[in-house]
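# What the coordinates show
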Amino acid sequence: MKIKIKRDLLLDNINKVSKAISTKNLIPTLSGIKFELSKNGLTLTASNNDITIQKFIPSDKKNMSIDEEGIIIIQGKEIADIVRIIPDEEINIEVIDDLKVLIYTDDERIKYDLNVINKDEYPEVKLDRSENYITISSEELLNIVRETAFAVSTDESRPVLTGINFKLNGDILECSSTDSYRLAKKEIRISKPVEELHNIIIPGKNIIEFSRIIDNKSSEIKLHIFSNKVLFEEEDLLSAELEVVPAGKARDYGLDGSMIAGYGHDDRCCGYASLMA
């Protein structure tokens, strides 16, 4: 693998996928970023099992020059720190014998030699897509996160309350969250009704991280919903797959009748103080 790429372009996209890297992960290979270079462009992938973020950078003579295709896994923190401090406009990345990667400037005034992670040890990442996806604007998704994430619980002993409940029924997407003291709800109407009912809980910290890397506020985002995961696919070739859990009944989470009734109080967004005894 050998490529010359604009430094700012590479750094921006490394920062995006790095949101999926966890320093607490017990699988060493998941501390790395996967660089997959083809004639069509460069794909960056990072994952911590709970969230996977992938960004494709299309091949463009103005932004990159591809000499040799290939796949490598580089420690995420190391590559981010190196690219950040290189002052030149362009960066060269070259793999040597699949064991080392050289990162250098054209005049080789700055040159780094790094060990790479064995690509065979990196888990296979397959971002599944559904034919029955729904489409919402990035602005709507950001509003959902902003108006519901504040009520997500931080108590890990009740993990089901640490997420945002996405309930899709017909042409209504209802999103709600609670920490058992506050309750927030946001409803939007989608353009294409769905026949199947979806009711899942997305971990709040993961969807917040994804919302932070959405640059284009006017783009459309496709939601591919499955029983155990959801894929957010943005127009700007940015994809994030988040693990989810099936949602149950509100009473199963310790909410009393007064709070449950509050869910239907407002069809926009609402927060409640606890009504529990």
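Preceding this paragraph is the structure being described.
Described in the following lines is the structure provided in the data block. As the structure is a computational prediction, the values presented were derived from the model and not from experiment. (Residues numbered from 1 in each chain as written. Predicted model: local features only at pLDDT ≥ 70, side-chain atom pairs only at ≥ 80, totals over all residues. Heavy atoms only, no water.)

## Some points on the pattern of salt bridges
Here is the rule we go by: Here, a salt bridge means any side-chain nitrogen of Lys or Arg that lies within 4 Å of a carboxyl oxygen of Asp or Glu. A run of DSSP states H or I qualifies as a helix once it reaches four residues; a run of E qualifies as a strand once it reaches two. Both are numbered from the N-terminal end. Accessible area is worked out with a 1.4 Å probe on protein chains only. A residue is then buried under 20% of its type maximum, exposed over 50%, and partly exposed in between.
The tally for this structure, following the rule as stated, stands at 21 salt bridges. Among the salt bridges present, the one from Asp128 reaches Lys229, with a minimum N-O distance of 2.6 Å. Of the two residues, Asp128 is situated in the loop between strand 9 (111–115) and strand 10 (134–137) and Lys229 in strand 14 (residues 229–234); the sequence distance between them amounts to 101 residues. Relative accessible area serves as the criterion here: at 24%, Asp128 is assigned to the partly exposed category. The salt bridge partner of Lys229 is Glu241, with a shortest N-O separation of 3.7 Å. Highlighted residues: Lys229 in strand 14 and Glu241 in strand 15 (residues 238–243), separated in sequence by 12 residues. As far as burial versus exposure is concerned, Lys229 and Glu241 are alike and both buried. Within the structure, one salt-bridge network assembled from shared partners comprises Lys6, Glu89 and Glu90.

## Some remarks on the packing of aromatic side chains
Worth spelling out the cut-off: Classification of ring pairs uses Phe, Tyr and Trp, with its six-membered ring standing for Trp, and accepts pairs whose centres are within 6.5 Å; under 30 degrees between planes counts as stacked, over 60 as edge-to-face, and the remaining range as tilted. The rule is short: NZ of Lys or CZ of Arg within 6 Å of the ring centre and within 35 degrees of the ring normal puts a charge over the ring.
Inspection of the entire model under this criterion finds 1 aromatic pair. Stacked on the ring of Phe226, the Lys or Arg Lys229 has its end atom at 5.7 Å from the ring centre.

## As for unusual backbone geometry
Positive phi values are uncommon outside glycine, yet Glu108 reaches one of about 55 degrees. Topologically, Glu108 is positioned in the loop between strand 8 (100–104) and strand 9. Judged by its relative accessible area of 45%, Glu108 falls in the partly exposed class. A positive phi angle, close to 80 degrees, is found at Ser180, a residue other than glycine.

## Remarks on the sheet that holds strand 3 (residues 41–47)
We count it as follows: Two strands qualify as a pair provided DSSP detects at least 2 bridges between them. Here the axes come from fitting lines to C-alpha atoms, over the contacting stretch only for helices, and the angles between their N-to-C directions go from 0 to 180 degrees. Contact definition: two residues touch when any of their heavy atoms are within 4.5 Å.
Across the sheet, 8 strands lie side by side as 6-2-3-4-15-14-13-10; this open sheet has antiparallel pairing. Either end of the sheet is taken by a strand with one partner, and the two such strands are strand 6 (70–75) and strand 10. Recorded for the sheet is a direction-independent mean angle of 20 degrees between the axes of neighbouring strands. Both strand 3 and strand 4 (residues 51–58) contribute to a ladder of 7 bridges, which runs antiparallel. Within strand 4, the residue paired with Gly41 across the bridge is Pro58. Where helix 4 (residues 204–211) meets the sheet, its contacts fall on strand 4, strand 13 (220–225), strand 14 and strand 15, and the angle it forms with strand 15 comes to roughly 175 degrees.

## What about helix 1 (residues 7–17)?
When we look at burial in helix 1, the residues that qualify are Arg7, Leu10, Leu11, Asn13, Ile14, Lys16 and Val17. On its buried face, helix 1 sits against strand 1 (2–6), strand 2 (32–38), strand 3, strand 4, helix 2 (76–85) and strand 7 (90–96).

## A few points about the nonpolar core
Here is the rule we go by: For our purposes a nonpolar core is just a set of buried Ala, Val, Leu, Ile, Met, Phe, Trp, Tyr and Cys residues, chained together by side-chain atoms within 4.5 Å.
Counting residues in each nonpolar core, the largest one holds 64 residues, and the members touching the most others are Phe35, Leu42, Phe166 and Phe232. Not counting chain neighbours up to four residues away, the residues in contact with Phe35 comprise Met1, Leu10, Ile14, Leu42, Thr43, Leu44, Gly70, Ile71, Ile72, Ile74, Ile79 and Ile93.

## A short note on a negative patch on the surface
Applied cut-off: A patch is a set of surface residues, each over 30% in relative accessible area and not in a salt bridge, joined within 9 Å for like charges and within 5 Å for the nonpolar side chains Val, Leu, Ile, Met, Phe, Trp and Tyr. The accessible surface values rely on the Shrake-Rupley method and a 1.4 Å probe; as for residues, cover is taken only from the protein chains in view. Working convention for charge: Lys and Arg count positive, Asp and Glu count negative, and His plus the chain ends are omitted. Charge positions are represented by NZ for Lys, CZ for Arg, CG for Asp and CD for Glu.
Judged by side-chain charge, Asp97, Asp98, Asp120 and Glu121 come together as a negatively charged surface patch. Within the fold, Glu121 resides in the loop between strand 9 and strand 10.

## What to know about the pairing of strand 12 (residues 183–203)
By the bridge criterion, 14 bridges tie strand 11 (residues 163–178) to strand 12 in an arrangement that is antiparallel. Each bridged residue has a counterpart across the sheet, and for Asn165 the counterpart in strand 12 is Ile201. Two successive antiparallel strands, strand 11 and strand 12, enclose a turn made up of 4 residues, where Ser180 displays a positive phi of approximately 80 degrees.

## Points about the sheet that holds strand 1
In spatial order, the strands read 5-1-7-8-9; together these 5 strands make up an open sheet with antiparallel pairing. Edge strands, defined here as strands with exactly one partner in the open sheet, are strand 5 (64–68) and strand 9. Between one strand and the next, the sheet's axes are offset by a mean angle of 15 degrees, whatever the strand orientation. In this sheet, strand 5 lies alongside strand 1 in antiparallel orientation, the contact comprising 4 bridges. Among the inter-strand pairings, Ile3 is bridged to a residue of strand 5, identified as Ile66. Sitting on the sheet, helix 1 touches strand 1 and strand 7, and the angle it makes with strand 1 is about 95 degrees. Set on the sheet, helix 2 makes contact with strand 7, strand 8 and strand 9; between it and strand 9 the angle comes to about 175 degrees.

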